[in-house]
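# Close look at the chain arrangement
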Amino acid sequence: MKIEFSLYLDIIRLFASLLVVLYHSANIYDPGGFLFTLGHEAVVIFFVLSGYVIAYISDTKEKKLKDYAASRLARIYSVALPAILLTMLVDQLGFSINLAAYPEGYQAWDHAWIRALSSLFFLNEFWLISIQSFSNVPYWSLNYEVWYYVVFALVTYVEGPKRWALLAITLLILGPKILMLLPIWWLGVYIYRAQWIRLISKSTAALLLTCSILALSLFIVFDLSQQGWDLLKGALGADRHELLAFSRHTLSDYLLATLVATHFVAINILAPDLLGGLKRFQRPIRYFSSFTFAGYLFHQPLLLFFKALFLEGSADLQTYLLILGSTLITIWLLGRYTESQQPVLKKALKRLLYSQAWDRLFRLQSPAKELSTSDERHR
């Protein structure tokens, strides 16, 4: 991947994460402006970007399933597990300080063990169930993305009839909600893998870039996300539409994902010419973008906690900035820890996955039987 394009994707990742934070912060105090309305749209950007990056990593670095599994598990659980624990802790503290700071939809503490376990194993959004991870509403998207990683692994690393059997079983278990947005994530995979895309000329790429920027602007101005919501609701009916939870924007999400993918294709071709100056800022871009995953998973419970801590009565701009600033600083402090734990966890997982004990477990053979089989071959 060209370094200029890689840095651009890091900037987009950071920007999308901030959009989600601003979207949820607007529930406390809304300064106004479109930047505070694009939370769901930011998730669509994340999905396309994630598919692209995972396809690139598997093609260039993680060529074995065990390497892929160790990296993905380390990346996910280094942040997801602290996020679950953090949410449980600050929710309880926030409730005890000022329960009124938590809107009714964020007071999700019934069946706490079910919520914790389903969050731990990413089972919150199977079929038509939707189990909120306590106050951490944004956790929903990780329940989609983790299973997209699994689907990708089955398609990429498993061979023969077993691949399609396991894939069919997995898709059947996941149900409609997660599968409805799978094409969006896979679009990122496609634009990385498609050979014809790499043959696009610079002049064509410039046209695509211009069109994508214009189309994305029109998407926001005319609130096509809401129109996609309304169209699907009209087609399915209000009750069925409600059951889709976070997949209720699917129609407009497909359009947005196509525009984002087009933008990425164009930027990738033009990056050396347009974005050469980014290399001078490589270190700060890499550093701040490393906190995007922590920012995404930590911000909602922290915003509500600091709201409970600092807000009395209606919010004003000064209190809002205090809450938002406290949230961002806490994300930075916690993110430093989670980022440092990722390589440690990855190393431990690789050691486990490459151990003989792990191989024996999945071959379902005892050491004695393996030795007997080996002896038989040498007779």
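Residues numbered from 1 in each chain as written. Predicted model: local features only at pLDDT ≥ 70, side-chain atom pairs only at ≥ 80, totals over all residues. Heavy atoms only, no water.

## So, the overall build of the chain
- Across its full length, the chain holds 16 helices and zero strands.
- By the burial criterion, 48% of the 379 residues in the chain qualify as buried.
- In the chain, once contacts between residues fewer than 6 apart in sequence are set aside, the share between residues at least 24 apart is 76%.
- Total accessible area computed for the chain in this model is approximately 19300 Å², and 66% of it derives from carbon and sulfur atoms.
- In the chain, 33 side chains carry a positive charge and 26 a negative one; their mean positions are 12 Å apart. (Helix = DSSP H or I, 4+ residues; strand = E, 2+ residues; numbered from the N terminus. Buried < 20%, exposed > 50% of the residue type's maximum accessible area, 1.4 Å probe, protein only. Contact = heavy atoms within 4.5 Å. Areas by Shrake-Rupley, 256 points an atom, 1.4 Å probe, with all protein chains shown as cover. Lys, Arg positive; Asp, Glu negative; His and termini not counted. Charge placed at Lys NZ, Arg CZ, Asp CG, Glu CD.)

## Describing the environment of G94
- Examined against the element boundaries, G94 turns out to sit in helix α3 (residues 65-98).
- The class for G94 is buried, based on a relative accessible area of 0%.
- Taking the C-alpha atoms as reference points, G94 and F306, separated by 212 residues in sequence, lie 7.9 Å from one another.
- Apart from the residues within four sequence positions on either side, G94 is in contact with L99, Y102, F305 and A308.

## A word on the confidence of the model for the chain
- Counting all residues, the mean pLDDT for the chain is 92, and 95% of those residues have values of 70 or more.
- This model gives residues 364-379 a pLDDT under 50, and the stretch forms six contacts once residues within four places in sequence are excluded. (pLDDT = per-residue confidence, 0-100.)

## Things to note about the packing of helix α1 (residues 3-25) against helix α13 (residues 292-310)
- Orientation of α1 relative to α13, taken along the N-to-C sense of each, is 5°, at an axis distance of 9 Å. Taken together, the axis directions place α1 and α13 in an arrangement best described as roughly parallel. Across from R13, L14, S17, V20, V21, H24 and S25 in α1, the residues of α13 making contact are T292, G295, Y296, H299, Q300 and L303.
- When its residues are assigned to classes, the contact of α1 with α13 shows five nonpolar, seven polar and one charged. (Axes fitted to C-alpha atoms, helices over the stretch in contact; angles between N-to-C directions. Parallel < 35°, antiparallel > 145°, perpendicular 65-115°, else oblique. Nonpolar A, V, L, I, M, F, W, Y, C, P; charged D, E, K, R; others polar.)

## Remarks on a nonpolar patch on the surface
- Taken together, the side chains of L89, L93, I97, L309, F310 and L322 define a hydrophobic patch exposed on the protein surface, amounting to about 510 Å² of accessible area.
- Elements represented by at least two residues in the nonpolar patch include exactly α3 and α13.
- Along the chain, the position of F310 falls in helix α13.
- Residue F310 is classed as partly exposed on the basis of its relative accessible area of 33%. (Patch = residues over 30% accessible without salt bridge, like charges linked within 9 Å, V, L, I, M, F, W, Y side chains within 5 Å. Salt bridge = Lys/Arg side-chain N within 4 Å of Asp/Glu carboxyl O.)

## Quick notes on the environment of D91
- If you trace the backbone, D91 turns up in helix α3.
- For D91, a relative accessible area of 0% puts it in the buried group.
- Sequence-distant contacts of D91, that is, excluding residues within four places in its chain, are made with Y102, W109, F134, S135 and P301.
- Only 2.7 Å separates the side chain of D91 from the side chain of S135, close enough to count as a polar contact. (Polar contact = N/O pair within 3.5 Å; in protein donor to acceptor, adjacent residues only side chain to side chain.)

## Points about the layout of surface pockets
- Of the voids in this model, the largest pocket is the one considered here, and its volume is about 1100 Å³.
- In terms of lining residues, the largest pocket is bounded by 36 residues, among which R13, V53, I57, R72 and R75 are the most central.
- Looking at the lining of the largest pocket, the elements that each hand over two or more residues are α1, α2 (39-60), α3, α5 (140-157), α12 (282-289), α13 and α14 (317-353).
- A per-element tally of the lining of the largest pocket places α2 first, with nine residues. (1 Å grid on protein atoms, 1.4 Å probe; cavity = no way out; pocket = protein on both sides within 12 Å on 5 of 7 lines; lining within 4 Å. Points joined across faces, edges and corners; volume = space filled by probe spheres on them.)

## Details of the packing of aromatic side chains
- In this structure the tally under the stated criterion is 27 aromatic pairs.
- For the pair Y148 and W185, a centre-to-centre distance of 6.0 Å together with 45° between the ring planes defines the contact as tilted. Here Y148, found in helix α5, pairs with W185, found in helix α7 (residues 176-193); they are 37 residues apart in sequence, far enough to count as distant.
- Residue class for Y148 comes out buried when judged on its relative accessible area of 0%.
- Both rings, one in Y287 and one in F288, keep their centres 5.3 Å apart while their planes meet at 80°; by these two values the pair is edge-to-face.
- An aromatic cluster of three or more residues is present, and its members are F47, Y68, W140, Y144, Y148, Y149, F152, Y157, W185, W186 and F246.
- Above the face of the Y68 ring, R72 is positioned so that its terminal group lies 5.7 Å from the ring centre.
- The cationic tip of R198 hangs over the ring face of Y192; the distance from NZ or CZ to the ring centre is 5.3 Å. (Phe/Tyr/Trp six-rings, centres within 6.5 Å; stacked < 30°, edge-to-face > 60°. Lys NZ or Arg CZ within 6 Å of the ring centre and 35° of its normal.)

## Here's the deal with unusual backbone geometry
- Although it is not a glycine, H111 adopts a positive phi angle of roughly 50°.
- The topology assignment puts H111 in the loop between α3 and α4 (112-120).
- Under the relative-accessibility criterion, H111 is labelled exposed at 57%.
- Phi is positive for A245, close to 50°, though the residue is something other than glycine.
- Mapped onto the elements of the fold, A245 is located in the loop between α10 (238-243) and α11 (250-274).

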